[in-house]
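Below, each chain spelled out in residue letters.
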Amino acid sequence: MSMPSSLRSIINTELIRTEAYIDGTWCQAIDGAVFDVRDPATCNRLTQVPNMGEKDCLRAIDAADAAQKPWSALTAKERSVFLRRWHDLILSNQSDLAALIVAEQGKPLAEALGEVAYAASFVEWFAEEARRAYGDVIPQTRNGQRSLVIKQPIGVVAAITPWNFPIAMITRKVAPALAAGCTVVAKPAEDTPLSALALAALAEAAGIPAGVFNVVTAARGALIGKTMCESPVVRKLSFTGSTAVGKLLAEQCARTVKRVSLELGGNAPFLVFDDADLDAAVAGAMASKYRNAGQTCICANRILVQDSIKDAFAEKLADAVSHLRQGSGFEDGINQGPLINSAAYDKVVRLVDDALAKGATVRTQAPRAAETGVFFPPLLLDNATPDMDMYAQEIFGPVAALYTFKDEAEAIAMANATSAGLAAYVYARDIGRAWRVAEALEYGMVGINDIAISATEVPFGGVKESGVGREGAKYGLEEFMEIKYMCMGGIS
Ligand code: ADP
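Residues numbered from 1 in each chain as written. Predicted model: local features only at pLDDT ≥ 70, side-chain atom pairs only at ≥ 80, totals over all residues. Heavy atoms only, no water.

K.L.:
Hey, could you run me through the packing of helix 4 (residues 109–129) against helix 5 (residues 168–180) in this one?
P.N.:
If you want to describe how two helices pack, look at the angle between their axes and the distance between the axes. In contact at an axis separation of 8 Å, helix 4 and helix 5 are set at 10° when each is read in the N-to-C sense. With respect to helix 5, the axis of helix 4 lies roughly parallel. Where helix 4 abuts helix 5, its residues Glu115, Tyr118, Ala119, Phe122, Val123 and Phe126 lie against Ala168, Thr171, Arg172, Ala175, Pro176 and Ala179. For the contact of helix 4 with helix 5, the per-class residue count stands at nine nonpolar, one polar and two charged. (Axes fitted to C-alpha atoms, helices over the stretch in contact; angles between N-to-C directions. Helix = DSSP H or I, 4+ residues; strand = E, 2+ residues; numbered from the N terminus. Parallel < 35°, antiparallel > 145°, perpendicular 65-115°, else oblique. Contact = heavy atoms within 4.5 Å. Nonpolar A, V, L, I, M, F, W, Y, C, P; charged D, E, K, R; others polar.)

K.L.:
Help me out: how do you make sense of empty space enclosed by the protein in this one?
P.N.:
Over the atoms rolls a probe the size of a water molecule, and its path tells where empty space is left. For the structure on display, the rule yields one cavity of 30 Å³ or more. Size it by volume and the largest cavity reaches roughly 30 Å³. Around the largest cavity sit Gly294, Thr296, Cys299, Asn301, Glu394, Ile395 and Phe396, which together line it. When its residues are assigned to classes, the lining of the largest cavity shows three nonpolar, three polar and one charged. (1 Å grid on protein atoms, 1.4 Å probe; cavity = no way out; pocket = protein on both sides within 12 Å on 5 of 7 lines; lining within 4 Å. Points joined across faces, edges and corners; volume = space filled by probe spheres on them.)

K.L.:
What am I meant to see in the sheet that holds strand 6 (residues 146–153) here?
P.N.:
Backbone-to-backbone hydrogen bonds join strands into a sheet, with any given pair of strands oriented parallel or antiparallel. Strand order in the open sheet formed by three strands is 5-6-20, with antiparallel pairing between adjacent strands. Edge positions in the sheet fall to strand 5 (136–138) and strand 20 (481–488), since each has one partner strand and no second. If you compare each strand with its neighbour and ignore which way they point, the axes differ by 25° on average. Summarising the sheet, strand 6 and strand 20 pair through eight bridges and their orientation is antiparallel. The residue bridging Lys151 from the neighbouring strand is Ile483, located in strand 20. (Pairing = 2+ DSSP bridges.)

K.L.:
What is the right way to look at the packing of aromatic side chains in this model?
P.N.:
Aromatic ring pairs are defined here through the distance separating the ring centres and the angle between the ring planes. Scanning the model with the defined rule gives 10 aromatic pairs in all. With a centroid separation of 5.6 Å and 55° between ring planes, the pair formed by Trp86 and Phe213 is classed as tilted. Residue Trp86 is located in helix 2 (residues 76–92), and its partner Phe213 is located in strand 9 (residues 213–215); the two are separated by 127 residues in the primary sequence. Each member of the pair, Trp86 together with Phe213, is buried. For the pair Trp163 and Phe396, a centre-to-centre distance of 5.8 Å together with 90° between the ring planes defines the contact as edge-to-face. Here Trp163, found in the loop between strand 7 (156–160) and helix 5, pairs with Phe396, found in the loop between helix 12 (389–392) and strand 16 (399–405); they are 233 residues apart in sequence, far enough to count as distant. (Phe/Tyr/Trp six-rings, centres within 6.5 Å; stacked < 30°, edge-to-face > 60°. Buried < 20%, exposed > 50% of the residue type's maximum accessible area, 1.4 Å probe, protein only.)

K.L.:
Looking at this model, I keep getting lost on the layout of surface pockets. Mind explaining?
P.N.:
Counted as a void, the second largest pocket has a volume near 190 Å³. Taken together, 15 residues form the lining of the second largest pocket, with Val37, Arg38, Asp191, Ile340 and Asn341 sitting closest to its centre. For the lining of the second largest pocket, the leading source of residues is strand 3 (residues 34–38), giving four residues.

K.L.:
What is the right way to look at the site of the ligand in this model?
P.N.:
Lining the immediate surroundings of the ligand are 17 residues, of which Thr161, Trp163, Lys187, Glu190 and Ser242 lie closest. Within the backbone of Gly221, an N or O atom sits 3.5 Å from a nitrogen atom of the ligand. A total of 550 Å² of accessible area belongs to the ligand in isolation, and the protein chains cover 78% of it. Class assignment for the residues of the shell around the ligand results in nine nonpolar, six polar and two charged. (Near = heavy atom within 4 Å. Polar contact = N/O pair within 3.5 Å; in protein donor to acceptor, adjacent residues only side chain to side chain. Areas by Shrake-Rupley, 256 points an atom, 1.4 Å probe, with all protein chains shown as cover.)

K.L.:
What am I meant to see in the side chain of Gln145 here?
P.N.:
Its location among the elements puts Gln145 in the loop between strand 5 and strand 6. The exposure class assigned to Gln145 is buried, which follows from its relative accessible area of 16%. One polar contact links Gln145 to Arg142, side chain to side chain, over a distance of 3.1 Å. Setting aside anything within four residues of it in sequence, one finds Gln145 in contact with Gln140, Cys487, Met488, Gly489 and Ile491.

K.L.:
What is the right way to read the pattern of salt bridges from this model?
P.N.:
Scanning all chains against the criterion turns up 27 salt bridges. A salt bridge links Arg433 to Asp275; its shortest N-O distance comes to 2.6 Å. Of the two residues, Arg433 is situated in helix 14 (residues 431–440) and Asp275 in the loop between strand 12 (268–272) and helix 9 (278–290); the sequence distance between them amounts to 158 residues. Assessed through its relative accessible area of 13%, Arg433 is described here as buried. The partly exposed category is assigned to Asp275, whose relative accessible area is 22%. Residue Glu410 pairs with Lys406 through a salt bridge whose shortest N-O separation is 3.7 Å. Classification of Glu410 by relative accessible area gives partly exposed; the value is 26%. For Lys406, a relative accessible area of 53% translates into the label exposed. Residues participating in the shared-partner salt-bridge network are Asp274, Asp275, Glu408, Arg433 and Arg436. (Salt bridge = Lys/Arg side-chain N within 4 Å of Asp/Glu carboxyl O.)

K.L.:
Help me understand the pairing of strand 18 (residues 445–448), please; the structure alone is not making it clear to me.
P.N.:
Of the two faces of strand 18, only the one carrying Met445 and Gly447 is buried; Val446 and Ile448 on the other face are not. Note: strand 17 (residues 423–427) against strand 18, four bridges, orientation parallel. In the sheet register, Tyr425 faces strand 18, and the bridge partner there is Gly447. You can see the chain leave strand 17, run along helix 14 and come back into strand 18, and the turn it takes is right-handed. (Right-handed = clockwise from strand over helix to strand, strands pointing away.)

K.L.:
Would you explain the environment of Ile309 in this entry?
P.N.:
Relative to the elements of secondary structure, Ile309 occurs in the loop between strand 13 (300–306) and helix 10 (310–322). Along the chain, Ile309 and Ser242 lie 67 residues apart, while their C-alpha atoms are 34 Å from each other.

K.L.:
Looking at this model, I keep getting lost on the sheet that holds strand 17. Mind explaining?
P.N.:
The seven strands lie next to each other as 14-15-16-13-12-17-18, forming an open sheet whose pairing is mixed. In the strand order of this sheet, the two ends are held by strand 14 (361–365) and strand 18, each with one partner. For this sheet, the mean angle separating the axes of adjacent strands, direction not counted, is 20°. For strand 12 and strand 13, the ladder comprises five bridges, and the chain directions are parallel. If you follow Pro269 over to strand 13, its bridge partner there is Arg302. Its contacts with the sheet place helix 9 against strand 12, strand 13, strand 15 (379–382), strand 16 and strand 17, and it is angled at close to 165° to strand 12.

Now the structure itself:
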């Protein structure tokens, strides 16, 4: 197969892998099946990768099982050194990894470079945290006894990841798992397997032992997911993706009582009060809503503006939206890439049609990209109301909708009127108001006068139907460790 043009800029061609990585070897599916990986900016085929099934997945689980005890027997410092080497290789291959992301996912190159740095930061952080998995000594409860708590790795971990951050969502799970002494079988999203395979190539180059990190590629996500959930060997599932799939996986994991971490869909409210710095709020709304063409789970999904400032805010926002530039992520000056696939496009069209039919109006729309790919031109809707489907569902596209509220109480009620609870944003300069509202929001993460909330040092995760558990931060390591209490008697 000749190299497609979007992969030609990649200097380290070792990163372009078309086989899965199981037990330290690159392999095809047992039945030889493959599936296409496409460039969403052109709809052209990039390459093909193995379409693995149950037997391949079980082989990867066995490999992870065999590798787990020796891996966890290393000292934390030794595991940390492997992770540190992996981190350094990710960063020294930053531009090639970014090019792979652009090719299969579509985001602008600047965002892809940022994603690689963000992805590497998890590996660095957990290389450091590996050495701080402290236990406790508990004051004695009976004469002649001593009580202590140690942290031990859970065991084999299954990781199922989405396509919107194809590298960062893998390192955010795999780095803490490996740091804790767990081994991993990862199943990347079918739209973006190449980024995951490149990470595996770098893990191999870093000397991470065979079986410790395995990547199973498959177009049959449900089959692999079921195999992982049903395996008694897998002790933990870490999933990032849609709420519907997350619920199904939680149900499937119940049968073997696995630990689960779920990062599911959001429905972020973006609240702008009448005392807000309007320019800062517009800049925040643009960055939050239109990053990755609106395809992040913490994207502003409902922009709620106090009625007295709605027009002034809408005017400034419309001006900014009209200047967005859509096209191939490889082109200079582009800040809006394509959507991931035609199903995503159809969903955005359906939500916009529903809103327009129920009275929303088009405030502005940026020009469509010239390319033939899956492009929905960035849109700003005004006069949106809570009866519209996009009030309750994630848009996951470059469409902003403006709603209004009267006062603080109504803003909080509207913001919380959803089963999701991932991220929320508040723009207000009155410190008392900002604090009151932030406390009242039923969300796992709240940005106050800022939208750049993600970092490796802080906890990422949601409440309500947005998920269970936290990633990153000191909490991220705990997700992959069990607490063991040991009671030692016969001392006196
Ligand atoms: P999105 O809507 O963002 O594509 P999904 O939840 O469909 O979110 O996909 C996230 C990940 O879950 C992907 O790796 C996908 O292959 C996987 N997946 C999809 N359906 C299932 C399923 N039924 N069981 C397990 N994994 C699944």
